[in-house]
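# Coordinates in review
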Amino acid sequence: MQFPAKWQEAKRIKYSQGFTKPAPRDFVGEGPLTQPEALALYNFTLTHNFSLTISYHTQGKEIYWQFLDYNPPEARQIGEQFAKVSGYTLAQVPYTSSFAGYKDWFIQEYNKPGYTIEAGIRRKSTSYFSV
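Worth saying up front: this structure is predicted, and the values here are computed from it rather than measured.

Next up on the list: the confidence of the model for the protein chain. Residues of the protein chain with pLDDT of at least 70 account for 92%, and the chain-wide mean is 90. Considering only residues more than four positions removed or in separate chains, one finds that residues 124–131, a stretch of pLDDT under 50, has one contact.

On any regular strand, side chains alternate: one points to one face of the sheet, the next to the other face. Burial analysis of strand 4 (residues 114–118) places five of its five residues in the buried class, which makes it a mostly covered element. Side-chain alternation along strand 4 places Gly114, Thr116 and Glu118 on one buried face and Tyr115 and Ile117 on a second face that is also buried. In this sheet, strand 4 lies alongside strand 2 (residues 62–64) in antiparallel orientation, the contact comprising three bridges. Bridging from a neighbouring strand, Ile63 pairs with Ile117 of strand 4.

Among the nonpolar cores identified, the biggest contains 15 residues, and Phe3, Ala10, Phe67, Phe99, Tyr102 and Trp105 are the most heavily contacted of them. Contributing elements (two or more residues each) for this core: helix 1 (7–16) and helix 4 (102–110). Residues within four places of Phe3 in sequence aside, it is in contact with Pro32, Leu33, Ala38, Leu41, Tyr42, Ala100, Gly101, Tyr102 and Trp105. Membership of the second largest hydrophobic core comes to seven residues, among which are Trp65, Ala75, Tyr88 and Tyr115.

The next thing to look at is the packing of aromatic side chains. Summed over the entire model, instances satisfying the criterion amount to 13 aromatic pairs. Seen in terms of ring centroids, Tyr42 and Trp105 are 4.9 Å apart; in terms of plane orientation they differ by 45°. Their pairing is tilted. In this pair, Tyr42 is assigned in helix 2 (residues 36–46) and Trp105 in helix 4, connecting sequence segments 63 residues apart. Judged by its relative accessible area of 1%, Trp105 falls in the buried class.

Below, the discussion takes up the packing of helix 2 against helix 4. Two elements in contact, helix 2 and helix 4, have axes whose closest approach is 12 Å; the angle formed by their N-to-C orientations is 30°. Judged by the inter-axis angle, helix 2 sits roughly parallel to helix 4. Two packed elements cross with a definite hand, and for helix 2 against helix 4 that hand is right-handed. For the pair helix 2 and helix 4, contact is made by Leu41, Tyr42, Thr45 and Leu46 and by Tyr102, Trp105, Phe106 and Tyr110, respectively. Taken together, the residues of the contact of helix 2 with helix 4 sort by class into seven nonpolar, one polar and no charged.

Criteria and cut-off values
- Residues numbered from 1 in each chain as written.
- Predicted model: local features only at pLDDT ≥ 70, side-chain atom pairs only at ≥ 80, totals over all residues.
- Heavy atoms only, no water.
- pLDDT = per-residue confidence, 0-100.
- Contact = heavy atoms within 4.5 Å.
- Buried < 20%, exposed > 50% of the residue type's maximum accessible area, 1.4 Å probe, protein only.
- Helix = DSSP H or I, 4+ residues; strand = E, 2+ residues; numbered from the N terminus.
- Pairing = 2+ DSSP bridges.
- Core = buried A, V, L, I, M, F, W, Y, C linked by side-chain atoms within 4.5 Å.
- Phe/Tyr/Trp six-rings, centres within 6.5 Å; stacked < 30°, edge-to-face > 60°.
- Axes fitted to C-alpha atoms, helices over the stretch in contact; angles between N-to-C directions.
- Parallel < 35°, antiparallel > 145°, perpendicular 65-115°, else oblique.
- Left-handed = near helix turned anticlockwise from the far one by under 90°.
- Nonpolar A, V, L, I, M, F, W, Y, C, P; charged D, E, K, R; others polar.

Listed below in structure tokens is the structure:
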């Protein structure tokens, strides 16, 4: 969440939710591309001609394929194929999570398909240890 795709809106939303300092999730940083890993991915992408990108998160069996009203050619059709083979839902990104992601920046910058696959399953806290 450090990419220059409406980063200011991401900051407004996340700060209003209380994510104002480094944390395990949802902190957008002090500005776009301020962390070395975000800058490295940004520069790596600039030097390649990718046809599409796929990012993985672990929030629960959905595939996000859009950024605002950007609609790259064939993005929905490719996303539908991903959904079909995975059993995941092709979904719209919730507004409060819609900004400053790598996928968002890639779609905005290149007008090519980008996807975030939410690969995890949301579960209640479970102990995996037996006594």
